[in-house]
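Spelled out, the chains give:
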Amino acid sequence: MEIGFIGLGKMGFPMARRLIEAGHKLTVFDTSKDALDRLVALGAATATSPKDIADRVETVMASLPSLQASLEVATGAGGVIEGTRVKRFIDLSTVGSQMAVKIHDLLAKKNIVQIDSPVSGGVSGAEKGTLAVMVSGPRADFDLVKAALDVIGKVFFIGIKPGSGQTMKLANNFLSATAMVATSEAVVMGVKSGLDPAVMIDVINAGSGLNTASRDKFPRSVLPRSFDFGFATGLMVKDVRLAVEEMRSLGLSMEVAEAVGRLWEVIIRDEGPESDFTAAIKPIEKAAGVIVGGGGKGGAHAAK
């Protein structure tokens, strides 16, 4: 396919690279000249704006960091909406169902189909093509682009209702955010009482407490204290806030979500939006007066 791709950050770049490697013809746009140059070297063409891309191709994908960025790229001045050739806009970003519906309605006025397609699996998933791709939109357009989406991960058709893919993504990331802080509290409890955190993680992963934080994040980024898993705290907090807002709009009881949301607000306050989200354990450690990991295989010691 001829595909336009906007947004070549930590997630967008490897997705775009995989599309090129699979034989698709890409026209790309980003504010980073370095990212553009690297994709040109792989065979991509460059555009001067989202509108320029939408003048050249029928299918435009975007991977963007914020709700406002998605709205502006899709519907703003010089955006996809002003393109003369574009027929469908595939948003791989996480923007929440309300913003997805807003973008859908604005694009529909120009007969442009919005395909909501948030992804989960992090930078490593984007690099390996193993993302979970959650798609909502018209079935005929989904069928048309599925082969391209298959290149970036396992594709799930969520439904035709605008924003459905976003609701699925928020449910997933709420669970991921909860696993991270819940596992942090559990391990800090053990370390405070004298347990070895590496042994704790081995036991949890062999038992019923197994989750994505204990399986992936702790061994790779928390116990070694590298905090480099590849997903920013600011992005996780954005997703948690969107999930809580969505639950609220549905009139749901959400005691766990409210508690998780409050804890992530402390994390972003203390660690900053650019920190890796595995640094979520740091405020919990600080309150307990211990540090998890960093000594030997796992290690633990009292905070100085």
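These numbers come from a predicted model, not from an experiment.

## Details of the pattern of salt bridges
No. 1: Summed over all chains, the structure comprises 15 salt bridges.
No. 2: Close ionic contact of Asp 34 with Arg 38 constitutes a salt bridge, the shortest N to O distance being 3.8 Å. Of this pair, Asp 34 and Arg 38 both sit in helix 2 (residues 33-42), 4 residues apart, roughly one helical turn.
No. 3: The exposure class assigned to Arg 38 is partly exposed, which follows from its relative accessible area of 43%.
No. 4: As a salt-bridge pair, Arg 248 and Glu 258 come within 3.5 Å of each other at their nearest N and O atoms. In this pair, Arg 248 sits in helix 11 (residues 233-249) while Glu 258 sits in helix 12 (residues 255-271), placing the two residues 10 residues apart along the sequence.
No. 5: What makes Glu 258 partly exposed here is its relative accessible area of 27%.

## Focus: a nonpolar patch on the surface
No. 1: On the surface, a nonpolar cluster with roughly 240 Å² of combined accessible area is contributed by Phe 156, Ile 158 and Met 168.
No. 2: Counting through the fold element by element, Met 168 comes out in helix 8 (residues 164-192).
No. 3: The class of Met 168 is partly exposed, set by a relative accessible area of 36%.

## Quick notes on the pairing of strand 8 (residues 131-136)
No. 1: Here strand 8 lies mainly inside the structure; 5 of its 6 residues are buried.
No. 2: Pairing of strand 7 (residues 119-120) with strand 8 involves 2 bridges; the strand directions are antiparallel. Of the residues in strand 8, the one forming a bridge with Ser 120 is Ala 132.
No. 3: Across 6 bridges, strand 8 lies against strand 9 (residues 153-159) in parallel orientation.

## A look at the nonpolar core
No. 1: If you look at the biggest cluster of nonpolar residues, it comprises 41 residues, and the most contacted ones within it are Met 180, Val 187, Phe 218 and Trp 264.
No. 2: Secondary structure elements with two or more residues in this core: helix 8, helix 9 (197-206), helix 10 (212-222), helix 11, helix 12, helix 13 (281-288) and strand 10 (290-295).
No. 3: The biggest single contributor to this core is helix 8, with 9 residues.
No. 4: Those residues in contact with Trp 264, other than ones at most four positions away along the chain, are Ala 177, Met 180, Val 181, Thr 233, Met 236, Val 237, Val 240, Phe 277 and Ala 280.
No. 5: Among the nonpolar cores identified, the runner-up in size contains 32 residues, and Ala 35, Ile 115, Ala 126 and Phe 142 belong to it.

## Notes on the environment of Thr 59
No. 1: Looking at the element boundaries, Thr 59 is found in strand 4 (residues 59-62).
No. 2: Along the primary structure Thr 59 and Ser 184 are separated by 125 residues, whereas in three dimensions their C-alpha atoms are 42 Å apart.
No. 3: Leave out the neighbours within four places in its chain, and Thr 59 touches Met 1, Glu 2, Ile 3, Gly 4, Arg 88, Ile 90 and Val 145.
No. 4: In terms of polar contacts, Thr 59 uses its side chain to reach the side chain of Arg 88, at 2.8 Å.

## Thoughts on the packing of aromatic side chains
No. 1: Counted by the stated rule, this structure contains 4 aromatic pairs.
No. 2: A centroid spacing of 5.6 Å and a plane angle of 85 degrees characterise the contact between Phe 231 and Phe 277, whose relative ring orientation is edge-to-face. Remark: Phe 277 occurs in the loop between helix 12 and helix 13 and Phe 231 occurs in the loop between helix 10 and helix 11; sequence separation between them is 46 residues.
No. 3: Classification of Phe 277 as buried rests on a relative accessible area of 2%.
No. 4: A ring pair is formed by Trp 264 and Phe 277, whose centres lie 6.4 Å apart and whose planes are at 20 degrees; its orientation type is stacked. In this pair, Trp 264 is assigned in helix 12 and Phe 277 in the loop between helix 12 and helix 13, connecting sequence segments 13 residues apart.
No. 5: Owing to a relative accessible area of 0%, Trp 264 belongs among the buried residues under this scheme.
No. 6: Taken together through their ring pairs, the aromatic side chains of Phe 229, Phe 231, Trp 264 and Phe 277 make up a single cluster.
No. 7: Residue placement shows Arg 38 over the ring face of Phe 13; its charged tip is 4.0 Å from the ring centre.

Cut-off values and rules
Residues numbered from 1 in each chain as written. Predicted model: local features only at pLDDT ≥ 70, side-chain atom pairs only at ≥ 80, totals over all residues. Heavy atoms only, no water. Salt bridge = Lys/Arg side-chain N within 4 Å of Asp/Glu carboxyl O. Helix = DSSP H or I, 4+ residues; strand = E, 2+ residues; numbered from the N terminus. Buried < 20%, exposed > 50% of the residue type's maximum accessible area, 1.4 Å probe, protein only. Patch = residues over 30% accessible without salt bridge, like charges linked within 9 Å, V, L, I, M, F, W, Y side chains within 5 Å. Areas by Shrake-Rupley, 256 points an atom, 1.4 Å probe, with all protein chains shown as cover. Pairing = 2+ DSSP bridges. Core = buried A, V, L, I, M, F, W, Y, C linked by side-chain atoms within 4.5 Å. Contact = heavy atoms within 4.5 Å. Polar contact = N/O pair within 3.5 Å; in protein donor to acceptor, adjacent residues only side chain to side chain. Phe/Tyr/Trp six-rings, centres within 6.5 Å; stacked < 30°, edge-to-face > 60°. Lys NZ or Arg CZ within 6 Å of the ring centre and 35° of its normal.

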